[in-house]
Amino acid sequence: MKITIIGTGYVGLVSGACLADVGNDVLCFDVNAEKIRVLREGGIPIYEPGLEAMVMKNVVAGRLRFTTEIPEAVAHGVIQFIAVGTPPDGDGSADIEYVVTAARNVGKYMTDYKVIVNKSTVPVGTADKVRAAIAEELKVRNNLTPYSVVSNPEFLKEGAAIEDFMKPDRIVIGSEEPRAVELMRELYAPFQRNHERLIVMDVKSAELTKYAANAMLATRISFMNELANCAEALGADIEFVRKGIGADPRIGIHFLYPGIGYGGSCFPKDVKALIRAASEAGQTLGILQAVEYANEAQKSVLSKKIVTRLGSNLSGKTIALWGLAFKPNTDDMREAPSRVLIADLLGHGARIQAYDPVATHEAQRVFGNEPRITYAMTPMEALEGADVLAIVTEWKEFRAPDFQAIRSKLKTPVIFDGRNLYDPAAPGKAGLEYFAIGRKV
Ligand SMILES: NC(=O)c1ccc[n+]([C@@H]2O[C@H](COP(=O)([O-])OP(=O)(O)OC[C@H]3O[C@@H](n4cnc5c(N)ncnc54)[C@H](O)[C@@H]3O)[C@@H](O)[C@H]2O)c1
């Protein structure tokens, strides 16, 4: 099948590569000429495990191409996926300007039947706006070419995006048009050979399903974070509590870890956007307001522990950070808790010496040439001359460190662990003080 992907970011590039990998002819379009140049020259603009090899393989096979030309992009695919960003507006609502622009471009140039598929996370009612934008452009050209608009929200997780796309838990299709549903069924057939994963529903329900999923996941995280703080105050250990409640199949053990708050390009903006959309419809989502409030507070939990232990004047102190990305296996730093932690620590006069396996270049972009932050090439190098260590992202390589070596490097032998990576006895045995989230240490 010929497919056009509009917006070649995390979602667009992964979707394009995976769809090409099962044999489709995919053209990825982006307005960012630099991104397309990098891709055309064999590079890759983001870090995502397995993506570079998959892109390369499909480019070589001639199934995956990149362009900045709108007419070429529109002419190519019978299916036009919209996978552009939907950033938060000033009031928290999702800005669908890029989605509507993408739709208008399709309307301006299409000459035969197209299925326009919204893969971006968009508020309920956006498909209607996409449909209207295309209709307006066709009217200008006096053109009666038929088209369908489908909602197909994406559920992939950065860091495991290829696996998620190739083996989806479910494929949500919002459409009331049999012709479009049939095409989507055909497109996704290779991804559901073992059992049917397509859930077909009306467009608005599909749009809401994506927000509902992220809101539920964010709620679990904020719930566990507040409970961890509570466990700490009451002298209980959240790790036991986590296992104790996770064993109940109604609760489940997955995605139940306390930490220093959720971040990334999705949960924060999607929770805000859902609160806003509900409020515009006269509904108050009190639970989600609390989820957001708890998350903002949680991002400062580690800096508060550091200040409590070292004092509020951190000038002359260097804090080693392990991890900058908002979660492991990605270089994404959008809304990363590390940003709040670093701002808090700099505010108290500290210097930062940070290590992240892949997000250093992104951090350098985010923090510019802030002289109080330096970047290390290895976890141990980050400890050189540092006072204490704070763990921010749960990269695998931090899970079994040499605690004796850490102790010998730090001026004050303390670990502040924002991800509960260790059995508290292990750093203790090496003479390290250990602070975690909601743990009995
Ligand atoms: N990142 C994720 O893990 C994830 C997961 C599920 C859903 N989503 C949703 O998918 C959407 C895209 O997210 P992302 O993380 O891939 O964003 P991104 O910022 O990585 O990529 C978006 C791309 O769209 C391009 N773009 C903007 N306007 C365009 C236009 N008119 N025509 C062509 N290209 C245009 C941008 O240049 C950019 O390259 C968002 O709505 C997001 O909420 C993201």
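As a reminder, the structure under discussion sits directly above these lines.
The rules we used
Residues numbered from 1 in each chain as written. Predicted model: local features only at pLDDT ≥ 70, side-chain atom pairs only at ≥ 80, totals over all residues. Heavy atoms only, no water. Helix = DSSP H or I, 4+ residues; strand = E, 2+ residues; numbered from the N terminus. Rg over C-alpha atoms; globule rule 2.2 N^0.38 Å. Buried < 20%, exposed > 50% of the residue type's maximum accessible area, 1.4 Å probe, protein only. Contact = heavy atoms within 4.5 Å. Expected span 1.5 Å × (residues − 1). Polar contact = N/O pair within 3.5 Å; in protein donor to acceptor, adjacent residues only side chain to side chain. Near = heavy atom within 4 Å. Areas by Shrake-Rupley, 256 points an atom, 1.4 Å probe, with all protein chains shown as cover. Nonpolar A, V, L, I, M, F, W, Y, C, P; charged D, E, K, R; others polar.

Enquirer: Honestly, the overall build of the chain in this entry has me stumped. Any pointers?
Expert: A count of helices and strands for the chain gives 18 helices and 14 strands. Relative to the 2.2 N^0.38 estimate, which gives 22 Å for 441 residues, the radius of gyration of the chain is 24 Å and therefore close to what a compact globule would have. Counting only C-alpha atoms and orienting by the principal axes, one finds that the chain spans roughly 75 × 50 × 45 Å. Scored against the burial criterion, the 441 residues of the chain give a buried share of 54%.

Enquirer: Help me understand the environment of Phe-435, please; the structure alone is not making it clear to me.
Expert: Its place among the elements puts Phe-435 in strand 14 (residues 433–435). The partly exposed category is assigned to Phe-435, whose relative accessible area is 25%. A C-alpha to C-alpha distance of 7.7 Å links Phe-435 and Lys-305, two positions 130 residues apart in sequence. In contact with Phe-435, other than residues within four places in its own chain, are Lys-305, Arg-309, Val-414, Ile-415, Phe-416 and Asp-417.

Enquirer: Help me out: how do you make sense of the side chain of Ser-120 in this one?
Expert: Looking at the element boundaries, Ser-120 is found in the loop between strand 5 (114–118) and helix 6 (126–140). Each residue touching Ser-120, except ones within four places of it in the same chain, is listed here: Ile-82, Ala-83, Val-84, Thr-86 and Val-99.

Enquirer: I tried to follow unusual backbone geometry on my own but got confused; where do I start?
Expert: Leave glycine aside and you will find that most residues have negative phi; peptide bonds, for their part, are mostly trans. Phi angles above zero are rare outside glycine, and Asn-329 is one such case at about 65 degrees. With respect to the helices and strands, the residue Asn-329 is situated in the loop between strand 9 (318–322) and helix 14 (337–347). The class of Asn-329 is partly exposed, set by a relative accessible area of 31%.

Enquirer: Whenever I open this one, helix 9 (residues 203–234) confuses me. Can you help?
Expert: For an α-helix the count is 3.6 residues per turn, leaving residues at separations of three or four pointing the same way. The terminal C-alpha atoms of helix 9 lie 47 Å apart, and with 32 residues this matches the ideal 46 Å at 1.5 Å per residue to within 8%. Regarding helix 9, its N-cap is Asp-202, as a side-chain oxygen of that residue lies 3.3 Å from the backbone nitrogen of Lys-204 further along. Looking one or two residues past helix 9, Gly-235 carries a phi angle of roughly 85 degrees, positive in sign.

Enquirer: Would you mind going over the site of the ligand with me for this structure?
Expert: Every one of the 26 residues lining the ligand counts as a neighbour, but Asp-30, Lys-35, Thr-86, Glu-158 and Lys-269 are closest to it. Contact between the ligand and Val-11: an oxygen atom at 2.8 Å from a main-chain N or O atom of the residue. Across the complex, the protein chains shield 90% of the 830 Å² of accessible surface that the ligand would expose by itself. Contributions of two or more residues to the shell around the ligand are made by helix 1 (10–21) and helix 5 (97–109). Of the residues assigned to the shell around the ligand, the class counts are 10 nonpolar, 9 polar and 7 charged.

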